[in-house]
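Here is how the chains run, residue by residue.
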Amino acid sequence: MTKNYRLVYDIVREQARGSHLAPADVFTIAKKKRQAIGFTTVYRALARLRELGLVSEISVPGAESSYYETTGPAHAHFRCEHCGAIEDIDYALDANVLSEIARKHAIAVRDVSLSLHGKCRRCTGRAESPVH
Ligand SMILES: [Zn+2]
Ligand SMILES: [Zn+2]
């Protein structure tokens, strides 16, 4: 891995879980650490890290760009149509449901991306309801 790729990987990795970085965000941070780095380099590094399975690219319909996060447990994403915030939702399709779908349609599923859309907690002004 080249020094630049390493830098990009560290940037994505250092983010708190639940944060999602657009390539432009990664570039802004990278530039502060290494002035000479170009946007194309950052973009290529992200693509390569994704191929290596070190970062995940998430694309959420309606969002102006794709986002990157460290590869971790499966979860869904929520996009607020009001303020554009993207949040992690702790939900994954049940493995049994998934294999049933694959069997029924004779498909091999490699990846699942789930996205929910609506208004976030801040925008609804509601409090998170306690777990029952
Ligand atoms: Zn919102
Ligand atoms: Zn996420």
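**Student:** Any chance you could break down the overall build of the protein chain for me, citing the residues and the numbers?
**Tutor:** From N to C terminus, the protein chain includes five helices and five strands. Ordered by position from N to C terminus, the α and β elements of the protein chain give α-α-α-β-β-β-β-α-β-α. Based on the C-alpha atoms only, the size of the protein chain along its principal axes is roughly 50 × 45 × 25 Å. Across the 132 residues of the protein chain, 14% fall into the buried class. Within the protein chain, counting contacts between residues at least 6 apart in sequence, those at least 24 apart form 48% of the total.

**Student:** Hey, could you go over the domain arrangement of the protein chain for me, with residue numbers and the actual values?
**Tutor:** The extent of an interface is frequently quoted as the accessible surface area lost upon association of the parts. Looking at the assigned domains, one finds that the protein chain contains domain 1 (1–72) and domain 2 (74–124). Contacts between the two partners involve eight residues from domain 1 and, on the opposite side, nine residues from domain 2. For the side of domain 1 that touches domain 2, the residue count by class is five nonpolar, three polar and no charged.

**Student:** Could you give me a rundown of the environment of Val60, with the residues and numbers involved?
**Tutor:** Following the sequence through the fold, Val60 ends up in the loop between strand S1 (55–58) and strand S2 (67–70). Classification of Val60 by C-beta neighbours within 10 Å gives buried; the count is 21. For the pair Val60 and Ala85, spaced 25 residues apart in sequence, the C-alpha separation works out to 11 Å. Residue contacts for Val60: discarding those within four places in its chain leaves His77, Arg79, Ile86 and Ser115.

**Student:** Any details on the pairing of strand S4 (residues 86–89)? Residues and values, ideally.
**Tutor:** Alignment of strand S3 (residues 76–80) against S4, held across four bridges, turns out to be antiparallel. Looking across to S4, one finds that Arg79 is bridged to Ile86. Between the end of S3 and the start of S4, which pair antiparallel, lie five residues, with Gly84 showing a positive phi angle near 85 degrees.

Criteria and cut-off values
Residues numbered from 1 in each chain as written. Chains lettered and ligands numbered in written order. Predicted model: local features only at pLDDT ≥ 70, side-chain atom pairs only at ≥ 80, totals over all residues. Helix = DSSP H or I, 4+ residues; strand = E, 2+ residues; numbered from the N terminus. Buried ≥ 20, exposed ≤ 12 C-beta atoms within 10 Å, placed from the backbone. Contact = placed C-beta atoms within 7 Å. Domains from an automatic or database assignment. Nonpolar A, V, L, I, M, F, W, Y, C, P; charged D, E, K, R; others polar. Pairing = 2+ DSSP bridges.

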